[in-house]
Amino acid sequence: MTKIIVATATPEATRRWHTVMQAALPGHEVIAWEPGQSSTGARYAIVWAPPRALFEVETGLEAIFNLGAGVDAILALPDLPDIPVYRLEDAGMAPQMAEYVIHYLSGMSRGFDSYARAQAQSRWAPLPAVRHADWPVGVMGLGKLGMHVARAVQAVGYPVAGWARSAREQTGFDTFHGAEQLPAFLARTRVLVNLLPLTPQTRGIINRSLLEQLRPDAVVINIARGGHVVDADLLAALDSGRVQAAVLDVFNQEPLSPEHPYWQHPRVRITPHVAAMTLEAEAAEQISRRIAQLEAGEPASGRVQRETGY
Ligand code: NAP
Ligand code: GLV
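Below: a short report on this structure.

Criteria and thresholds
Residues numbered from 1 in each chain as written. Chains lettered and ligands numbered in written order. Predicted model: local features only at pLDDT ≥ 70, side-chain atom pairs only at ≥ 80, totals over all residues. Heavy atoms only, no water. Phe/Tyr/Trp six-rings, centres within 6.5 Å; stacked < 30°, edge-to-face > 60°. Helix = DSSP H or I, 4+ residues; strand = E, 2+ residues; numbered from the N terminus. Buried < 20%, exposed > 50% of the residue type's maximum accessible area, 1.4 Å probe, protein only. Lys NZ or Arg CZ within 6 Å of the ring centre and 35° of its normal. Axes fitted to C-alpha atoms, helices over the stretch in contact; angles between N-to-C directions. Parallel < 35°, antiparallel > 145°, perpendicular 65-115°, else oblique. Left-handed = near helix turned anticlockwise from the far one by under 90°. Contact = heavy atoms within 4.5 Å. Nonpolar A, V, L, I, M, F, W, Y, C, P; charged D, E, K, R; others polar. 1 Å grid on protein atoms, 1.4 Å probe; cavity = no way out; pocket = protein on both sides within 12 Å on 5 of 7 lines; lining within 4 Å. Points joined across faces, edges and corners; volume = space filled by probe spheres on them. Pairing = 2+ DSSP bridges. Right-handed = clockwise from strand over helix to strand, strands pointing away.

### Considering the packing of aromatic side chains
Inference 1: If you walk through the whole model with that rule in mind, you get seven aromatic pairs.
Inference 2: Note on Tyr-44 and Phe-65: the rings are 6.0 Å apart at their centroids and 65° apart in plane angle, and the pair reads as edge-to-face. Of this pair, Tyr-44 sits in strand S3 (residues 44-47) while Phe-65 sits in strand S4 (residues 63-66), and the two are 21 residues apart along the sequence.
Inference 3: Residue Phe-65 is classed as buried on the basis of its relative accessible area of 1%.
Inference 4: Both rings, one in Phe-112 and one in Tyr-115, keep their centres 6.5 Å apart while their planes meet at 45°; by these two values the pair is tilted. Placement of both Phe-112 and Tyr-115 in helix H5 (residues 112-120) is noted, with a separation of three residues, approximately one turn of the helix.
Inference 5: According to the relative accessible area criterion, Phe-112 is partly exposed, its value standing at 37%.
Inference 6: Through a chain of ring-to-ring contacts, three or more aromatic side chains come together here, namely Tyr-44, Phe-65 and Tyr-86.
Inference 7: Against the face of Trp-135 rests Arg-190, its NZ or CZ located 3.6 Å from the ring centre.

### Looking at the packing of helix H4 (residues 93-109) against helix H6 (residues 144-156)
Inference 1: Close contact between H4 and H6 brings their axes to 8 Å; oriented N to C, the two are set at 45°. Compared by their axis directions, H4 and H6 come out oblique. When the axes of H4 and H6 are compared, the crossing they make is right-handed. Contacts between H4 and H6 involve Met-93, Ala-94, Pro-95, Met-97, Ala-98, Val-101, Ile-102 and Leu-105 from the former and Lys-144, Leu-145, His-148, Val-149, Ala-152, Val-153 and Val-156 from the latter.
Inference 2: Residues that form the contact of H4 with H6 fall into these classes: 13 nonpolar, one polar and one charged.

### What to know about empty space enclosed by the protein
Inference 1: Within this structure, the stated rule accounts for one cavity of 30 Å³ or more.
Inference 2: Put simply, the largest cavity is a space of about 30 Å³.
Inference 3: Lining of the largest cavity is provided by Gly-226, Val-229, Asp-231, Leu-234, Leu-248, Val-250, Phe-251, Asn-252 and Tyr-262.
Inference 4: Here the residues of the lining of the largest cavity are counted per class, giving six nonpolar, two polar and one charged.

### Concerning the sheet that holds strand S6 (residues 137-140)
Inference 1: As summarised here, the arrangement of the seven strands in space is S8-S7-S6-S9-S10-S11-S12, forming an open sheet in which the pairing is parallel. Only two strands of the sheet have a single neighbouring strand rather than two, namely strand S8 (174-177) and strand S12 (268-270). Taken over all neighbouring pairs, the strand axes of this sheet differ in orientation by 15° on average, direction set aside.
Inference 2: The pairing of strand S10 (residues 218-222) with strand S11 (residues 243-248) spans five bridges and is parallel. If you follow Val-220 over to S11, its bridge partner there is Ala-246.

### Digging into the pairing of S11
Inference 1: Of all six residues in S11, five are buried, a share of seventy percent or more.
Inference 2: In this view, the connection linking S10 to its parallel neighbour S11 by way of helix H9 (residues 231-240) has right-handed handedness.
Inference 3: Where S11 meets S12, three bridges bridge the pair, whose relative direction is parallel. Residue Val-247 lies in a different strand from S12, and its bridge partner there is Arg-269.

Next up, the structure:
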């Protein structure tokens, strides 16, 4: 019976995931991490923001399963052992991302915010018809989440393009890749959706230079990581009107401090890192399937490439 340890940021979350994963892995012994405990001999760890002590104590681990899609935080842990790390791939997050983007995109392009204000004043105030062609969307990152978002936005009728590290074929929309094609991608983009992983190459990518290359009346939707944004540059672009609105789900510091200028900025919409949340059943199914594959000596998908950082 293989031992698997669960360790997250809080005892409550660890207990909850212990219950969920033990139900999904009936043939294995799932153990909840407790501070101060000695080694359990676990072969696998299922984690989200685990305590540092986990890797000091559990020295027999063969693989780590991240309870999320992004691995920037786990890869930054100083004592992370040199063993395979697996991340969630979609696991129900892609439809949530598409819903989030379409909600804010259509809210702005169709003026739904304006209709809410008009209703508050009992005012019948139709806006002119909207041409989707006037709202070209550009998705940075065409991975599990970005590709789904691009296709969903395209299905609603907006012109879509995507930008990734490597070339894409047969996506059904325009794609760009690499640093050399970024300017052309930005020049045709009005609504920028960020779904890149946070890596040394992408940190601070949403900066003054990038924002200046977007089409006029640009909108920034950041649903990846706060570290992608240079906050002072985005605030300056919002203040000048160069960027007409920013929808921000993720921040350089979370929770966002109550004093942060984003909160009260009239052009900013904030959500508290909820654009796509880890779903228990989907995550448990994906992780338990991968553990079964590894136990059978087969490869499992979702393995993070340490060299690229995602
Ligand atoms: P993924 O499948 O790994 O896709 C990453 C995409 O980014 C790939 O298309 C990749 O290009 C591209 N990319 C990476 N580095 C690049 C670079 N230097 N230049 C250009 N493109 C680059 O990731 P995912 O599962 O879609 O997740 C994306 C991110 O969403 C996660 O890393 C996480 O930070 C964030 N996220 C946020 C939430 C939330 O609630 N806010 C929830 C889940 C995830 P290639 O295709 O060429 O490799
Ligand atoms: C959430 O932000 C995730 O990376 O899954």
